[in-house]
Amino acid sequence: METSSAPMLHSNSAAVPKITCVRKLSESLINLNNNSNNIPSTYAYHTETTALDLDPLHNPIPTIDLSLLTSSNPHHKSKAVQQLGKACQEWGFFMVVNHGIPEDLMRAVIEVSHEFFNLAEEEKPEFEPQNVLDPIRYGTSFNTAKDKVFCWRDFLKLFVHPQFHCPDKPHAFREVLLEYCERSRQVVRKLLKGISQSLGLEECEMDKALELDSGLQIFVANLYPVCPNPEIAMGIAPHSDHGLLTLLIQNEVGGLQIQHDGEWINVNAPPNSILVNTADHLEIYSNGKYKSVVHRAVVNNEKTRISIAIANGPSADTIVCPAASKEGSGAGAPNYVPMKYKEYLLSQQSNQLNGKASLKRIQIRDH
Ligand SMILES: O=C(O)CCC(=O)C(=O)O
Ligand SMILES: [Fe+2]
């Protein structure tokens, strides 16, 4: 049963399946409609995928109210800055409410991304092989040239700032994306100003040091189709993100897990909130004070999941080195080797996803 849309299944052959999108693979397995719908061995991920469910009534994951962070009341603002710093330091993860992005726009960006994935494969940009820094990249897993086990995921990655790139299909993609990316960038700039202050720096110090006016913003749409064997597959393997902050929204289906105090935790996002995780360049800039959070996405056998991650980083040509803090929190010897953001990105995207391996390569010492 080896066709382009139905790769060989692992039960009766050791042959390497042809790389195809997981969407097609999922469809072909479901259409088989018998008991042998096991996933190819290339997707068999041997790890414990269970995670803790937090009590939704006493959810300890920090919530940041963006309207307080930008309040003209200095007391409200400094309290929000303090909460933000604590969230970055203790969790590397928080939920943002009162962010000002219309719910309709969030829904529209998820819908239009779903439409993109549902286009016939011939209508999409070229699948393979591609340069990892191409501004429009449609692919599967993470990096099929390097992945030892494939992720149960198709993706579309677009560089959307400082230059905006978008496929010309579906029709509404460009307009919706432009608006969503612009609004997300405004949210991120506000958060980063607060984070700069929480590090004891001037509000605009990070903006200037990392040249955020021309900051690189990458839109990532993740499609996690229904998986017949979710307990042995992984949507996206454990990793930290490369930029400063990643904003994430999803359709109604959960799957994101974060690592906190050595445990995996299921993240259940309240409606209309935006999930934010700290990424490697915030760890570098804060000289290790705000560690990038390790996260992964699991899959399920009932519903397709879509997530939209917006990675926000320094400007591509900025050489990032730790900031010296007025309070001394970032002072002292730098713990990371200064490196151009673009080069870090290239190295992270060219390797396999492996926890914080990319950051470890430039880390001088543990602290
Ligand atoms: O889909 C998710 O929840 C996580 C996606 C993610 O980690 C990423 O795109 O970097
Ligand atoms: Fe991520």
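Residues numbered from 1 in each chain as written. Chains lettered and ligands numbered in written order. Predicted model: local features only at pLDDT ≥ 70, side-chain atom pairs only at ≥ 80, totals over all residues.

Under an unreviewed UniProt entry, the chain has the name Fe2OG dioxygenase domain-containing protein and belongs to Penstemon davidsonii. Recorded in UniProt under Sequence similarities (unreviewed entry), the annotation for the chain is "Belongs to the iron/ascorbate-dependent oxidoreductase family." (UniProt positions renumbered as here; feature names shortened; annotations may be inferred.)

Looking only at helices and strands, the chain features nine helices and 15 strands. Relative to the 2.2 N^0.38 estimate, which gives 21 Å for 367 residues, the radius of gyration of the chain is 20 Å and therefore close to what a compact globule would have. The C-alpha extent of the chain, read off along each of the three principal axes, is 65 × 45 × 40 Å. Buried positions account for 43% of the 367 residues belonging to the chain. In the chain, the proportion of contacts linking residues at least 24 apart, taken out of those at least 6 apart, comes to 76%. (Helix = DSSP H or I, 4+ residues; strand = E, 2+ residues; numbered from the N terminus. Rg over C-alpha atoms; globule rule 2.2 N^0.38 Å. Buried ≥ 20, exposed ≤ 12 C-beta atoms within 10 Å, placed from the backbone. Contact = placed C-beta atoms within 7 Å.)

What follows covers the sheet that holds strand 8 (residues 245-250). The mixed open sheet is built from eight strands, whose spatial order is 2-3-11-8-13-6-5-4. Because the sheet does not close on itself, it has two edges, and the strands there are strand 2 (63-65) and strand 4 (136-140). On average, adjacent strands in this sheet sit at an angle of 25° to one another, irrespective of strand direction. Bridge count between strand 8 and strand 13 (residues 305-315): six bridges; the pairing is antiparallel. Each residue of the ladder has a partner; that of Gln250, found in strand 13, is Ser307. (Pairing = 2+ DSSP bridges. Axes fitted to C-alpha atoms, helices over the stretch in contact; angles between N-to-C directions.)

So, on to the site of ligand 1. Taken together, Val220, Asn222, Ile236, Asp241, Leu248, Gly255, Leu256, His295, Ala297, Ser307 and Ala309 form the complete shell of residues around ligand 1. Listing elements by their share of the shell around ligand 1, those giving two or more residues are strand 6 (215-224), strand 12 (295-297) and strand 13. Class assignment for the residues of the shell around ligand 1 results in six nonpolar, four polar and one charged. (Near = placed C-beta within 6 Å. Nonpolar A, V, L, I, M, F, W, Y, C, P; charged D, E, K, R; others polar.)

With that settled, consider the sheet that holds strand 10 (residues 263-266). Spatial strand order, 1-10-9-12-7: five strands in an open sheet with mixed pairing. Taken across any chain shown, the strands that pair with only one partner, and hence form the sheet edges, are strand 1 (52-53) and strand 7 (236-239). Alignment of strand 9 (residues 256-260) against strand 10, held across four bridges, turns out to be antiparallel. Bridge assignment links Gln257 to a residue of strand 10, and that residue is Asn266.

Glancing now at the nonpolar core. Judged by nonpolar contacts, the single largest core of 96 residues is most densely connected at Trp152, Leu245 and Val276. Top contributing element to this core by residue count: helix 5 (residues 173-198), with eight residues. (Core = buried A, V, L, I, M, F, W, Y, C linked by C-beta atoms within 7 Å.)

Mapped onto this numbering, the UniProt entry annotates "domain: Fe2OG dioxygenase" (unreviewed entry) at residues 214-314. Structurally, residues 214-314 comprises 6% helix and 47% strand, and the distance from its first C-alpha atom to its last is 8 Å.

Where helix 3 (residues 74-90) contacts helix 5, the two axes come as close as 8 Å, and the packing angle between them is 85°. Between helix 3 and helix 5, the angle is such that the two are roughly perpendicular. In this structure, helix 3 uses Ala80, Val81, Gln82, Leu84, Gly85 and Cys88 to contact helix 5, whose residues at the interface are Gly194, Ile195, Gln197 and Ser198. Across the contact of helix 3 with helix 5, the residue classes tally to five nonpolar, five polar and no charged. (Parallel < 35°, antiparallel > 145°, perpendicular 65-115°, else oblique.)

This next bit is on unusual backbone geometry. In this chain, His161 is followed by Pro162 through a cis amide linkage whose omega measures 5°. The topology assignment puts Pro162 in the loop between strand 5 (154-161) and helix 5. Each neighbour pair has its own omega, and for Lys169 with Pro170 the value is -10°, a cis peptide bond. Its place among the elements puts Pro170 in the loop between strand 5 and helix 5. In this structure, Asp261 is a non-glycine residue whose phi angle is positive, near 50°.

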